[in-house]
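Descriptive structure summary
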Amino acid sequence: MKLLGAILALAMTVQPTPEPQRSNRELIAEQQLPIVRGPDGYSGRGWDRLIEDGAAAQFFMVGEQHATADIAQFEAALHAALAARGYSHGALEVGPYSTQFAEALIRSGRGRLAEYIARPGHGFTIPFLFFQDEAAMAEQIVASSPDREHALWGLDQEFVGSAPIAAELLGRWATTAEQRRAAAAFAARAEADPMLVGSLTAADLDPLAAAFAGNPDASGLVAALRLSSQIYDPYIHRNGPTYPANLRRENYMKLNFLRQFEATQQRLGRPPRVFLKFGGYHAMRGFTGTNVPGLANFLAEWGLSRGFGFVNMMVDCASGQALDPQTSEVGPCEPYFGNDTVIGSMPRNEPLTLIDLRPLRARLGQMTDLDPLSRQTILAFDYYLVIRDVRAAAPVATPPTRR
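Read on for a plain summary of the structure. Fair warning: this is a prediction, and the values are worked out from it, not measured in the lab.

Some remarks on the overall build of the chain
In terms of helices and strands, the chain carries 15 helices and twelve strands. In terms of its C-alpha atoms, the chain occupies a principal-axis envelope of roughly 100 × 45 × 45 Å. Across the 403 residues of the chain, 51% fall into the buried class. Nonlocal contacts in the chain, meaning residues at least 24 apart in sequence, comprise 77% of its contacts between residues at least 6 apart. For the chain, the computed accessible surface area is about 18,000 Å², with 55% contributed by carbon and sulfur atoms.

Thoughts on the environment of Asp 389
Position of Asp 389 relative to the elements: it lies in the segment after strand E12 (383–387). Taking the relative accessible area as the measure of exposure, Asp 389 reaches 47% and is therefore partly exposed. With 72 residues separating them along the chain, Asp 389 and Cys 317 place their C-alpha atoms 7.5 Å apart. Ignoring anything within four residues of it in the chain, the contact list for Asp 389 reads Asp 70, Ser 319 and Gly 320. Engagement of the side chain of Asp 389 in a polar contact is seen with the side chain of Arg 388, the distance being 3.2 Å.

Some thoughts on the state of the cysteines
For the structure on display, the rule yields one disulfide. The residue that forms a disulfide with Cys 317 is Cys 333, at a sulfur-sulfur distance of 2.2 Å. The S-S bond linking Cys 317 to Cys 333 shows a torsion near -95°; that makes this disulfide left-handed. Pair noted here: Cys 317 is in strand E8 (residues 310–317) and Cys 333 is in the loop between strand E10 (329–332) and strand E11 (352–356), with a separation of 16 residues, a long-range link.

Here we look at the packing of helix H3 (residues 45–55) against helix H4 (residues 69–83)
Between H3 and H4, the shortest axis-to-axis distance is 10 Å and the interhelical angle comes to 50°. Comparing the axis directions of H3 and H4 gives the class oblique. Note on packing geometry: the crossing formed by H3 with H4 is right-handed. Of the residues in H4, those touching H3 at Trp 47, Leu 50, Ile 51, Gly 54 and Ala 55 are Phe 74, Ala 77, Leu 78, Ala 81 and Leu 82. Class assignment for the residues of the contact of H3 with H4 results in nine nonpolar, one polar and no charged.

The rules behind these values
Per-chain numbering applies: the sequence of each chain, read as written, is numbered from 1 onward. Whole-chain, interface and lining totals are the exception, using all residues; otherwise, since this is a predicted model, local features are given only for residues with pLDDT of at least 70 and side-chain atom pairs are given and counted only at 80 or more. Side-chain figures throughout are based on the complete set of non-hydrogen atoms in the structure, without hydrogens or water. What counts as a helix is a DSSP run of H or I of at least four residues, what counts as a strand is a run of E of at least two, and both are numbered from the N terminus. The buried label goes to any residue with under 20% of its type's maximum accessible area, the exposed label to any with over 50%, and the partly exposed label to all in between, with areas taken from a 1.4 Å probe on protein chains only. Any two residues having at least one pair of non-hydrogen atoms within 4.5 Å are treated as being in contact. Each accessible area value is a Shrake-Rupley result obtained with a 1.4 Å probe; residue values ignore everything except the protein chains displayed when judging cover. Pairs of N or O atoms within 3.5 Å make up the polar contacts considered here, provided that, within protein, one atom can donate a hydrogen while the other can accept it, and that residues adjacent in sequence are counted only when both atoms are side-chain atoms. Counting rule for disulfides: a pair of cysteine sulfur atoms within 2.5 Å. Only C-alpha atoms enter the line fits that serve as axes; for helices the fit covers just the stretch in contact. Angles between N-to-C directions range over 0 to 180 degrees. Angle categories are assigned with fixed cut-offs, so that under 35 degrees is roughly parallel, over 145 is roughly antiparallel, 65 to 115 is roughly perpendicular, and the rest are oblique. Note: crossing handedness is left-handed where the near helix turns anticlockwise from the far helix by less than a right angle, and right-handed where it turns clockwise. For this classification, the nonpolar set comprises Ala, Val, Leu, Ile, Met, Phe, Trp, Tyr, Cys and Pro, the charged set comprises Asp, Glu, Lys and Arg, and every other residue, Gly included, is treated as polar.

Below, the structure written as structure tokens:
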């Protein structure tokens, strides 16, 4: 007993050696992994880690800075590597009806999507497929998919410039004289203003809804246009706060994902593995930069209940140029992080720098003086990739201006 008491007393006097205090920058730097871009593609420990994690998951979601060629090319290479490991579908920041329209063009022949967008008045119809690299990636997703019907899933509202697509679809689906008149009237307005979807009102849509009542395809499109107009309303007409519109949009994405997932699983007899490409906010776990629960957060939580793994990453620019799709003017690519943030002030010595954010979550208790944006990003994403000296995206065609 005396010996046991002595051992216990000794153990109580032995204190663990405190871990040396390290700066936030040092902790983050420990999680940097190299990615090398060469003539044969991407390689390095960071690239291998991404592919390994993605191969073990059901969903891989990229949140990007839009309108750069280098980010789109990286995403295309990432998708190709994951498609070779069983990813069968791609989900895009495009409306469901516009996406079906785009996929039909892709399936009708190589280059047909670009030909459509290059026509007068069509240059701003399908985000972000009006950029050359993005259109090529959509073709790649369709070509690599075993699904011969719906390899592409559109989850977003119908875009502000999608009126020419809506007009063509309504014309196809019109079966009565009243429907043909309503479709022709809408087509005339779309020709005069290809950006019509952003300014539609209930008074514009009610006659269409009445004319196409009982026509399920057209009625669904009119309902989608109605929701899109509600989302755009506070931004274009300055009618009220933007929060309800952002929440409506994010919820619509989640519902569209579930519809497409369930329909595909029923059609193919297995749960699809999906590569998602969206703007950075939509790809965040937790609450997004617009303070609504993000699409990525839903996928992670819902997927958890189904045993589906989820990986998300943010792809950012550190320097270089981006294209303004509304004007086709090239300007600086504005990084998500400023130099006043820890992540934004990390060295950018390599063309591509990947940070594995997951180990840092357990360190946040030590990182007491970390800036809020860096803290949010560590919690919201699994990985952060920054690319130096990005090139601006190349447009398929010059977009129309509002008349």
